[in-house]
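Letter by letter, the chains look like this.
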Amino acid sequence: MELPAALYEPTDDGYLATALTIGPWDPGLQHAGPPAALLLREAERASGIEGGQTVRLAYDIFGPVPVGPVRLRSSVVRSGRRIELVEVVLTAGDERPLMRLSAWRMRTRADGAAPPAPAPHPAVAGPQDSRAEDAAFFTTDVAYHRALEWRFPTGSFNAPGPASAWTTPRCSLVEGEPMTPLQHLLVMTDAASGISAELDWTRATFANVDLLVSLSRPPRGEWVGMDAVTTLGGSGAALCTAVLFDEDGAIGRSAQSLFVEPR
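Note that the coordinates shown come from a computational prediction; the quantities given were computed from them, not determined experimentally.

(A) Structural view of the overall build of the chain. When helices and strands are counted, the chain shows three helices and 15 strands. Its C-alpha atoms give the chain a radius of gyration of 18 Å, near enough to 18 Å, the size a compact globule of 263 residues would have. Taken over the C-alpha atoms alone, the chain extends approximately 50 × 45 × 40 Å along its principal axes. Split into buried and exposed, the 263 residues of the chain put 51% on the buried side. In the chain, of all internal contacts separated by at least 6 residues, the share reaching a separation of at least 24 is 65%. Accessible surface, the chain: about 11900 Å² in total, of which carbon and sulfur atoms supply 52%. Here the chain holds 22 positive side-chain charges and 31 negative ones, and the gap between their average locations is 7 Å.

What follows is the structure in structure tokens.
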């Protein structure tokens, strides 16, 4: 199968989403993972802390992002040499915001002290010893699920319940440049509620209205993973949380608030 080389192609005033951004609910709408990574990329480009680290990413999803041209607008809300807050807004056909990122960034430590031992990750097996699997519920063959290679130590895309998964990129984020480990993490993390779904995709929708990612350190290496669980509230809402990790250990956590309703 021939896949696009990137999730986005640069244009004169923004980016053009490729078929690899297509989400599971509608072939005309993006999965939230790729635009989350694109917003992160823009926040780091707008940063005034050279070589800094992004430690918290809070996304608000105001509406679905269409597969097509998108534009970004960034601003530094709180500037500083050690700590800053950067905001990035994504729009599509008009100026109505569709996604917003508030990213806290910090100066990296330069005191020469040895870092603490990494916290162990919860995956019961590494990527080489985990089961390769593609999601079966996407309505088009070329879509978001092809952008990453997925390997499951426990659980499954295609069965309900908690799951852990390793991923590695099959494409770049923006055409012509490599995907960084943190961009890769953001492409993956919004799928936590997909791998740990508690409801049948054909009978219910459970789209998230936000995504919160908090990190103790940046991810490293080719493979990153998540161990996810979804808790249904019984009142039309659900919460998905995940431990995020790389092969060296745990690096942070994510949370998503889900709006649940019958199809």
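(B) Geometry of the UniProt feature "domain: Acyl-CoA thioesterase-like C-terminal" (unreviewed entry) in the chain. Under the UniProt annotation, the feature "domain: Acyl-CoA thioesterase-like C-terminal" (unreviewed entry) is placed at residues 129-260. Between the end C-alpha atoms of residues 129-260 the distance is 34 Å, and the span holds 10% helix and 46% strand.

(C) Summary view of helix 2 (residues 181-189). Most of helix 2 sits out of view: eight of its nine residues are buried. Among all positions in helix 2, only L182, Q183, H184, L185, L186, V187, M188 and T189 are buried.

(D) Quick look at the pattern of salt bridges. Applying the stated criterion across every chain yields a total of 14 salt bridges. One salt bridge connects R45 with E42, and the closest N-O pair in it is separated by 3.8 Å. With a gap of three residues between them, R45 and E42 both fall in helix 1 (residues 33-46), about one helical turn apart. Among the salt bridges present, the one from E84 reaches R105, with a minimum N-O distance of 3.4 Å. You can see E84 sitting in strand 5 (residues 83-91) and its partner R105 sitting in strand 6 (residues 99-106), a full 21 residues away along the chain.

(E) How the structure looks around the pairing of strand 15 (residues 249-262). In terms of strand pairing, strand 11 (residues 204-208) meets strand 15 through five bridges, oriented antiparallel. When the sheet's bridge partners are listed, A207 is paired in strand 15 with F259. Alignment of strand 12 (residues 210-215) against strand 15, held across four bridges, turns out to be antiparallel. Pairing of S214 across the sheet is with R253, part of strand 15. Alignment of strand 14 (residues 237-246) against strand 15, held across 10 bridges, turns out to be antiparallel.

(F) Main features of the packing of helix 1 against helix 2. Taken N-terminus to C-terminus, the directions of helix 1 and helix 2 make an angle of 150°; their axes are 7 Å apart at the nearest point. The orientation of helix 1 with respect to helix 2, classified from their angle, is roughly antiparallel. Crossing handedness for the pair helix 1 and helix 2: right-handed. Counted together, G33, P34, A36, A37, L40, R41 and E44 of helix 1 and L182, Q183, L186 and V187 of helix 2 form the full contact between these two elements. Of the residues in the contact of helix 1 with helix 2, the class split is seven nonpolar, two polar and two charged.

(G) A look at a positive patch on the surface. A cluster of basic residues, R78, R81, R82 and R107, forms a positive patch on the protein surface. Examined against the element boundaries, R78 turns out to sit in strand 4 (residues 69-78).

(H) Spatial organisation of the pairing of strand 5. Within strand 5, seven of the nine residues are buried, which leaves it mostly tucked inside the rest of the structure. In this structure, strand 4 lies alongside strand 5, joined through seven bridges in antiparallel fashion. Bridge pairing in strand 5 links V76 to V86. The turn joining strand 4 and strand 5, which pair antiparallel and follow one another in sequence, is formed by four residues. By the bridge criterion, eight bridges tie strand 5 to strand 6 in an arrangement that is antiparallel. Within strand 6, the position partnered with V89 by the bridge is R100.

About the cut-offs
- Residues numbered from 1 in each chain as written.
- Predicted model: local features only at pLDDT ≥ 70, side-chain atom pairs only at ≥ 80, totals over all residues.
- Heavy atoms only, no water.
- Helix = DSSP H or I, 4+ residues; strand = E, 2+ residues; numbered from the N terminus.
- Rg over C-alpha atoms; globule rule 2.2 N^0.38 Å.
- Buried < 20%, exposed > 50% of the residue type's maximum accessible area, 1.4 Å probe, protein only.
- Contact = heavy atoms within 4.5 Å.
- Areas by Shrake-Rupley, 256 points an atom, 1.4 Å probe, with all protein chains shown as cover.
- Lys, Arg positive; Asp, Glu negative; His and termini not counted.
- Charge placed at Lys NZ, Arg CZ, Asp CG, Glu CD.
- UniProt positions renumbered as here; feature names shortened; annotations may be inferred.
- Salt bridge = Lys/Arg side-chain N within 4 Å of Asp/Glu carboxyl O.
- Pairing = 2+ DSSP bridges.
- Axes fitted to C-alpha atoms, helices over the stretch in contact; angles between N-to-C directions.
- Parallel < 35°, antiparallel > 145°, perpendicular 65-115°, else oblique.
- Left-handed = near helix turned anticlockwise from the far one by under 90°.
- Nonpolar A, V, L, I, M, F, W, Y, C, P; charged D, E, K, R; others polar.
- Patch = residues over 30% accessible without salt bridge, like charges linked within 9 Å, V, L, I, M, F, W, Y side chains within 5 Å.

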